[in-house]
Amino acid sequence: MIRAAAPAAAVAALAMTLTLLTVSAPPATAAATTTATASAAAATTTASAAADPLAALRGRQPSWHPCASGPEDAEGADLDAAGARCTEVTVPLDYRRPDGRTLGVAVSRLPATDPAHRLGTLFYNPGGPGVPARALSLALRRAAPALGARYDIVAVDPRFVGASAPLDCGWPTAGPGSAGPDRVGFDRSAETAKDLAARCAPYRALLPHASTRNAARDLDLVRSVLGEPTISYLGSSYGSYLGEVYLQLFPERVGRAVFDAAMDPDLFGPDLTATQGPAMAGALTAWATWAAGHDDRHHLGTTTAGVLAAVERVRLAAERAPLAVGDHRVDARALPQVLWTVSAGDDDAAYEEFSALARVLLDAAEGRPARPTPLLEAVLTGLASPDTGGYAAAQTAVMCADRAASRDPLAYYRDIRAHRADEPLFGPLTRNLTPCTFWPAEPAEPPTRVRNAVPVLLVGADGDPAATYPGQLSAHRALTGSRLVTLRGAFRHTVYAGLFAPRDTCVDAAVDHYLLDGVLPAHDTDCPPPRP
């Protein structure tokens, strides 16, 4: 449920001391002096508000407190144990009406562990959208202690996410899933999307303001309240797009910025996933090559083509009838979401786990008893669960507010059909409609056009299944002051510090050299493929 602050009070007068110069004038009466003082203060306030409509909000001093919200808040307790402090910063719901309704965004700050050599403040966003940032800031400091030593790490739960006026539409599921193999499945997914959108209708006054553009404005207001003239920034996945927008809106406020797995700024929105099918197929093929070399354990095939043929048998069986896996039934609409877990990583451990999952699905497809692995159990349970905490609703709200989607459901069906031959597995999922097709609100602003020459470092894998490499190149072209470091031959999403995928020393060195020493690579560079 949305929790928003009450409407903002009138703009407060600036603290000031008035010196009355009487030179040759007669002494003023007490009443006249009071009137003159009030008039001068009002005039000063009016001028200040006209020059900066956010002056009153910028002037509020943060009230720092422990991060744990109660005895059950383990993440907050971890932050507290690490020396973090938390606060809330008041931001406008609509920046076009700064004296209107406000929200509170939750902020954490982990102080630099080597304050004598402190470089400044590093804002961090781990991705999403819809992912709370504060708890993961501690993961960053643990994974990159050199950054934590030199920077105060600040994380902001974006508006409508985590502890920042969270949006929860009470969704019974996280999304419409795949369109399946035919029109019947597509129509079912469309009805699901329509129902999910309707459940967010009570919040239609808030939804247009869930955009990344406003989240970037919130970051800058937090920066100002914290008294930082400039910040450094590290963003992963969606956090890279948030950084791209911030860089465009506030180029003079950025010192050093790193975007890990950069998103295409010209496509980000509800239809971005339509570009991911080929990249997902590439990730699946890379895994199949690994599995073929380990056939002695999982018996999925001795060649890449043989393993992919086994996956195809699973797909065709699921289209005929749902697969029985323990207490679960995996139909053609759920299967692409299950197989999406191949994007979890490209190291031996991740491939071993996914291979065991695939073996179970193949057993079910061929009529043998099939019990889910722990990973498969978690995935299937998650698909059948409500949108606990509103993660999916918040994610959808951001994307719907960033860029308008087609309101014609059949446009998506035609696109799926056009690509069914070349994207038979993932296309019905990546090209399917979302609740944005039926969303009860339109974006308040056009998409942000990112075009600037601010220096920034981009890092990413050329086989990234989510932030596709063509999208990374699009970001590189839009950010003409950027340098791109590419991890070749890798099929992982994000590459820095091992936060969400295996770490790579070449990538880490490039990021650390820039954030700690201020040195961008002289030109675009490649890191060699990871060793098995």
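This is a predicted model, so every value here is computed, not measured.

1. Here's the deal with the overall build of the chain
Thought 1: Counting its regular elements, the chain contains 19 helices and 11 strands.
Thought 2: Relative to its length of 532 residues, the chain is compact, with a C-alpha radius of gyration of 26 Å against a globular reference of 24 Å.
Thought 3: When its C-alpha atoms are laid out on the principal axes, the chain stretches across 100 × 50 × 45 Å.
Thought 4: Going through the 532 residues of the chain one by one, you find that 52% of them count as buried.
Thought 5: Of the contacts made within the chain by residues no fewer than 6 positions apart, 75% connect residues no fewer than 24 positions apart.
Thought 6: Carbon and sulfur atoms make up 58% of the accessible area of the chain, which amounts to about 22300 Å² in all.

2. Some thoughts on the state of the cysteines
Thought 1: On inspection of all chains with the given rule, the structure shows 4 disulfides.
Thought 2: Each sulfur in the disulfide pair Cys400 and Cys436 lies 1.9 Å from the other. Between Cys400 and Cys436, the S-S dihedral sits near -95°, and the bridge is therefore left-handed. Of this pair, Cys400 sits in helix H15 (residues 391-402) while Cys436 sits in the loop between helix H17 (427-430) and strand E9 (456-461), placing them 36 residues apart in sequence. Neither Cys400 nor Cys436 differs from the other in exposure class; each is buried.
Thought 3: The disulfide bridge from Cys506 ends at Cys527, spanning 2.0 Å between sulfur atoms. Of note, the bridge from Cys506 to Cys527 carries an S-S torsion of about -75° and is left-handed in sense. Placement of the pair is Cys506 in helix H19 (residues 505-517) and Cys527 in strand E11 (residues 525-527), with a sequence separation of 21 residues.

Rules used throughout
- Residues numbered from 1 in each chain as written.
- Predicted model: local features only at pLDDT ≥ 70, side-chain atom pairs only at ≥ 80, totals over all residues.
- Heavy atoms only, no water.
- Helix = DSSP H or I, 4+ residues; strand = E, 2+ residues; numbered from the N terminus.
- Rg over C-alpha atoms; globule rule 2.2 N^0.38 Å.
- Buried < 20%, exposed > 50% of the residue type's maximum accessible area, 1.4 Å probe, protein only.
- Contact = heavy atoms within 4.5 Å.
- Areas by Shrake-Rupley, 256 points an atom, 1.4 Å probe, with all protein chains shown as cover.
- Disulfide = S-S within 2.5 Å.

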